[in-house]
Amino acid sequence: GLLNVLHSAKWTISGRSRLMPSQERQFAERFAAYVGRGYGVPCASGTAALTIALQSLDVAFGDEVIVPALTWVACASAVANLGAVPVVVDVDPDSWCASLEAVRSAITPRTRAVLGVHMYASRIDAKALERLCAEHGLPLIEDASQAHGAWLGNSRVGAFGAVSVFSFQQSKLLTSGEGGIAVTDDPALFRRMQQLRADSRVYAEMDGDKWRFTELAVGGDVMGRNLCMTEFQAVLLLEGLGRLDAENEHRLAMANLLGARLADLGWVSLVRDRLTPQDGATFYKCPLRFSDPRLVALGPEILARALTAELDLLVEPLDRPLPRAPLYRIDRSAVVARVPELAQRAAPNRFDTPVADAAWRSAVVLPHPCLMASPLDVEAIIAALEKVRANTDELEVYAQQSGGMAGICP
């Protein structure tokens, strides 16, 4: 795969080769079919995929886009970088995905789109969110960057809304280091997104062996820029896609075992949605919610450090809720911050997210590679948790000496 691309001299969709057609284009077609979509547009990153999705739906300066409080910062920064306003909504207490009632309450005449994000090991109720958006004449963008291969009812995650986006960044279930894709069933959106990511160019019509020379043609309907995926990324993804379902099946078995063992402990649980089918979820990260008051009082950063030391595995707190996320600096946005009215509408202190704040205070996440191991490794996780709890006294002293994180979500 990689060596074939190397020797083909075609390292990107705009390159030329007499040896092989574009791996990027093949991946676009295969991945779109995998999730049940008609079209796919690969990009340099998940952020790039989200950006072209927003632009294809005419999200523009001053518009509002609803985003969940618990998500990676790029979901909000991609909106802000278009001069639009991220409107942050609180999450459901069970799944930690956006609360449908919070989304409903946040819709205003300025709302241009809703971003529904599948988080950690949970799926948002995309069917219900799709109906809600339809009631208000709004497009849904489904962000499935943390849910490759998941099912919701009889459909794959990624099949909902006007456009769905995925990230293939290093930590994801399907990865090429960096990369992303936007998928849709709308041929007009497909044409626009191609141009938005390839300097206003589209895939060329294939005529015989014409692919041997170029695979891009002039579009010119919209102003684009270069957000293309490389052929090296695409061939990694093509190979990884062939393993994804088997890997998801193994992770699910280990996650079910871990959930059962956590239930035996009684003071920590695995956070999962309650959607059908229950086993349709995938496990990008395993969120562990603590109910022991003393452990919760330690704060997630102390708990994450202790478990990291015990397991020799990077255990982390949740992503901080957007209104308190140090990476979300909309006050320094090159676009929004220059317009006082927009800056005021987007100010993080406008948004109250008590459920997301409580989730952050009480949880840590395990990385998905730990679920590619064996039942013995699940028992190692249980043993580490028990040891942390048994040493709560020492951890409380450590928390005080290190400045005390004690349950505060700054």
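Everything below is about the structure printed above this text.
What counts and what doesn't
- Residues numbered from 1 in each chain as written.
- Predicted model: local features only at pLDDT ≥ 70, side-chain atom pairs only at ≥ 80, totals over all residues.
- Heavy atoms only, no water.
- Salt bridge = Lys/Arg side-chain N within 4 Å of Asp/Glu carboxyl O.
- Helix = DSSP H or I, 4+ residues; strand = E, 2+ residues; numbered from the N terminus.
- Buried < 20%, exposed > 50% of the residue type's maximum accessible area, 1.4 Å probe, protein only.
- Pairing = 2+ DSSP bridges.
- Expected span 1.5 Å × (residues − 1).
- Arc of directions from axis to C-beta.
- Contact = heavy atoms within 4.5 Å.
- Axes fitted to C-alpha atoms, helices over the stretch in contact; angles between N-to-C directions.
- Parallel < 35°, antiparallel > 145°, perpendicular 65-115°, else oblique.
- Left-handed = near helix turned anticlockwise from the far one by under 90°.
- Nonpolar A, V, L, I, M, F, W, Y, C, P; charged D, E, K, R; others polar.

**Student:** Got a sec to walk through the pattern of salt bridges? Specific residues and values, please.
**Tutor:** Pairing of side chains with opposite charge becomes possible as their charged atoms draw close. All told, the structure shown has 27 salt bridges when counted by the stated rule. With a shortest N-O distance of 2.8 Å, Arg294 and Glu396 are connected by a salt bridge. Separated by 102 residues along the polypeptide, Arg294 in helix H9 (residues 293–298) and Glu396 in helix H14 (residues 392–401) bring together distant segments of the chain. On the basis of relative accessibility, which here comes to 39%, the residue Arg294 falls in the partly exposed class. The closest approach of N and O atoms between Glu301 and Arg320, which form a salt bridge, is 2.7 Å. Of this pair, Glu301 sits in helix H10 (residues 300–311) while Arg320 sits in the loop between strand E14 (316–317) and helix H11 (340–346), and the two are 19 residues apart along the sequence. Bridged by salt links that share partners, the residues Glu64, Arg110, Glu341 and Arg345 form one connected network.

**Student:** Before we move on, could you go through the pairing of strand E3 (residues 85–89) and cite the residues and values that matter?
**Tutor:** With five of five residues buried, E3 lies mostly within the body of the structure. The side-chain alternation of E3 yields two buried faces, one formed by Val85, Val87 and Val89 and the other by Pro86 and Val88. Inspection of the sheet shows strand E2 (residues 64–68) paired to E3 by five bridges, in the parallel sense. Following the sheet pairing, Ile66 is matched in E3 by Val87.

**Student:** Residues and numbers for unusual backbone geometry, please.
**Tutor:** Of note, the bond from Thr276 into Pro277 is cis; its omega dihedral lies within 30 degrees of zero at -10 degrees. Of note, Pro277 is situated in the loop between strand E12 (268–270) and strand E13 (285–290). Phi is positive for Trp96, close to 70 degrees, though the residue is something other than glycine. Mapped onto the fold, Trp96 is located in the loop between E3 and helix H5 (100–106). A positive phi angle, close to 50 degrees, is found at Asp312, a residue other than glycine. With a relative accessible area of 76%, Asp312 lands in the exposed category.

**Student:** I'd like a description of helix H13 (residues 375–390), backed by residues and values.
**Tutor:** Between its first and last C-alpha, H13 extends 23 Å over 16 residues, near the 22 Å set by a 1.5 Å rise per residue. Along H13, the residues classified as buried are Val378, Ile381, Ile382, Ala384, Leu385 and Val388. Mapping the buried residues of H13 onto a view down its axis gives an arc of 155 degrees, with all of them on the same face. Exposed and facing more than 90 degrees away from the buried side of H13 are Leu376 and Ala390.

**Student:** With reference to specific residues and values, describe the environment of Gly1.
**Tutor:** Relative to the elements of secondary structure, Gly1 occurs in the segment before helix H1 (2–8). Spatially, the C-alpha atoms of Gly1 and Ala297 are 50 Å apart, while their sequence positions differ by 296 residues. For Gly1, the contacting residues outside a window of four places in its chain are Val235 and Glu239.

**Student:** Describe the packing of helix H3 (residues 46–56) against helix H7 (residues 187–197), listing the residues and the values that go with them.
**Tutor:** Two elements in contact, H3 and H7, have axes whose closest approach is 9 Å; the angle formed by their N-to-C orientations is 130 degrees. Considered as vectors, H3 and H7 are oriented oblique to each other. Here the hand of the crossing between H3 and H7 comes out right-handed. Touching Ile52, Ala53, Gln55 and Ser56 of H3 are Leu189, Arg192, Met193, Leu196 and Arg197, all from H7. When its residues are assigned to classes, the contact of H3 with H7 shows five nonpolar, two polar and two charged.

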